[in-house]
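Architecture at a glance
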Amino acid sequence: MQKIILYISIALITLVNTVSAQEKTFEQKAKEIATNIKTIAEEEKKALKAEIEAIDLAVESGKMTKEEAEKQKTKIAEERAKNIETRTAEYELELRNLITDQVQTIDQDTTINVNNINLKINAKKNNPNKSENRTTSQFVFATGFNNLVTDGAVANSEFGYARSTFYEWGVTWNTRLSKNSNLLHLKYGVGFMYNNLHATENRVFADINNQTVLVPFGTDLRPNRTYFKNVYFVVPMHLEFDFSKTATVDDKKVFKSHKGVRFGIGGFVGANTNSKQFIAYKQDGYKINEKQKGDFNVNDFTYGLSTYIGYKQTSLYLKYDLNPVFKNNAVDQNNISLGIRFDWN
């Protein structure tokens with residue numbers, strides 16, 4: 001299965017490079033930004049690990065108590081997390097500007113000048129006899145249920161089926177691959193994926209001997225507010241079959257996308273930007289909320305298969321991670337999500 005997604009990814013990337021030099025340049029820039037963000041996170045994590053090891057040595061030598069060590073670890077973890085947010089802020093802004101510039105470039109290709117943008121768009125909407133551009137852009141939003149596949153099955157999961165959710169948003173570009181047919185499109189883009197897991201039986205995740213496992217929590221948790229979240233920067237690619245009807249006006253074919261049944265199959269690659277655990281409980285009449293941000297032995301990169309089928313802008317969406325969520329666990333657990341996807345032109 002991993003070889004299949006590798007071959008699909010190579011084929012799709014090759015198609016992207018041959019469709020347009022502009023998309024290739026955008027892809028390279030987005031990849032560079034993602035690499036810079038990942039490098040910063042790895043540097044801060046490495047520094048944090050060294051500081052924690054130094055604290056542990058201080059405890060072993062009697063220079064620091066365990067209580068002092070825990071406070072110090074919490075403090076430096078917060079500082080490192082803040083460093084990551086501060087250092088990556090510039091690249092996150094650069095990514096947003098890159099996406100904005102790309103969308104504006106696509107829009108400007110259809111107009112004579114900036115002042116005519118609204119007139120051109122209105123004229124296009126009011127002229128059903130004119131084909132849309134071969135490359136169009138969409139804002140994508142998806143949401144639904146999320147869980148882990150353990151030993152090849154989702155049954156008897158350790159996470160709530162209804163409470164564990166995902167959502168995803170981003171920008172995609174949809175390129176019709178043939179001049180004379182509306183059937184086959186290449187759909188590619190960038191976005192962010194948020195996978196949430198709500199453990200059952202009053203448990204939370206803990207790092208034990210470099211394995212991330214569920215352990216009982218000493219106090220009754222508030223289950224709806226206690227969950228584990230992974231965030232990924234992703235680059236999805238799909239081959240899309242669009243069965244929208246093609247009209248013929250004055251002996252010319254008029255192509256429109258997202259007007260009929262659509263089916264997409266492909267995959268995604270991405271990088272983990274952060275992992276957090278939110279713990280909520282009551283103690284002595286007070287509501288307490290804790291936020292833990294750290295490595296949690298989550299794999300730095302993710303890749304998987306995804307598919308969707310629907311009508312016009314709305315689709316049923318399924319995605320599956322081919323690599324496990326955690327690095328060193330004795331049993332591999334792979335993320336799987338099922339939900340609704342919206343592609344707005």
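In the block above lies the structure referred to throughout.
Since we're looking at a predicted model, the values are computed, not measured.

Here is what the cut-offs are and how they apply
Residues numbered from 1 in each chain as written. Predicted model: local features only at pLDDT ≥ 70, side-chain atom pairs only at ≥ 80, totals over all residues. Heavy atoms only, no water. Helix = DSSP H or I, 4+ residues; strand = E, 2+ residues; numbered from the N terminus. Buried < 20%, exposed > 50% of the residue type's maximum accessible area, 1.4 Å probe, protein only. Areas by Shrake-Rupley, 256 points an atom, 1.4 Å probe, with all protein chains shown as cover. Patch = residues over 30% accessible without salt bridge, like charges linked within 9 Å, V, L, I, M, F, W, Y side chains within 5 Å. Salt bridge = Lys/Arg side-chain N within 4 Å of Asp/Glu carboxyl O. Phe/Tyr/Trp six-rings, centres within 6.5 Å; stacked < 30°, edge-to-face > 60°. Core = buried A, V, L, I, M, F, W, Y, C linked by side-chain atoms within 4.5 Å. Contact = heavy atoms within 4.5 Å.

A word on the overall build of the protein. When helices and strands are tallied, the protein shows four helices and 13 strands. The buried share of the protein, taken over its 345 residues, is 40%. A total of about 19,300 Å² of accessible surface is found on the protein, and carbon and sulfur atoms cover 54% of it.

Now for a nonpolar patch on the surface. There is a patch of nonpolar side chains on the surface, built from Leu183, Leu184, Phe243, Val261, Ile309, Tyr311, Leu316, Leu318, Leu338 and Ile340 and spanning about 860 Å² of accessible area. Broken down by secondary-structure element, the contributors of at least two residues to the nonpolar patch are strand 11 (301–311), strand 12 (314–321) and strand 13 (333–344). Looking at the element boundaries, Leu338 is found in strand 13.

Turning our eyes to something else, we now look at the packing of aromatic side chains. Summed over the entire model, instances satisfying the criterion amount to 14 aromatic pairs. Measuring from centroid to centroid gives 6.3 Å for Phe166 and Tyr317, while their planes differ by 50°, and the two rings are tilted. Of this pair, Phe166 sits in strand 2 (residues 165–176) while Tyr317 sits in strand 12, placing them 151 residues apart in sequence. With respect to burial, Phe166 and Tyr317 carry one shared label: buried. Centre to centre, the rings of Tyr227 and Phe278 are 4.8 Å apart; their planes meet at 25°, and the pair counts as stacked. One end of the pair, Tyr227, is in strand 6 (residues 227–242); the other, Phe278, is in strand 9 (residues 261–283), with 51 residues separating them in the sequence. Judged by its relative accessible area of 21%, Tyr227 is partly exposed. Phe278 sits in the buried class, given a relative accessible area of 17%. One aromatic cluster in this structure is built from Phe159, Phe205, Phe228, Phe296 and Phe326.

Further remarks concern the nonpolar core. One recurring pattern in soluble globular proteins: nonpolar side chains tend to sit buried together. Judged by nonpolar contacts, the single largest core of 15 residues is most densely connected at Phe159, Phe205, Phe228, Val298 and Phe326. Going through the elements one at a time, strand 3 (184–197) and strand 6 are the ones with two or more residues in this core. When residues of this core are assigned to their parent elements, the largest contribution, three residues, is made by strand 6. Every residue in contact with Phe159, bar those within four places of it in the chain, is listed here: Asn147, Leu148, Ser164, Leu197, His198, Ala199, Thr200, Phe205, Leu214 and Gln333.

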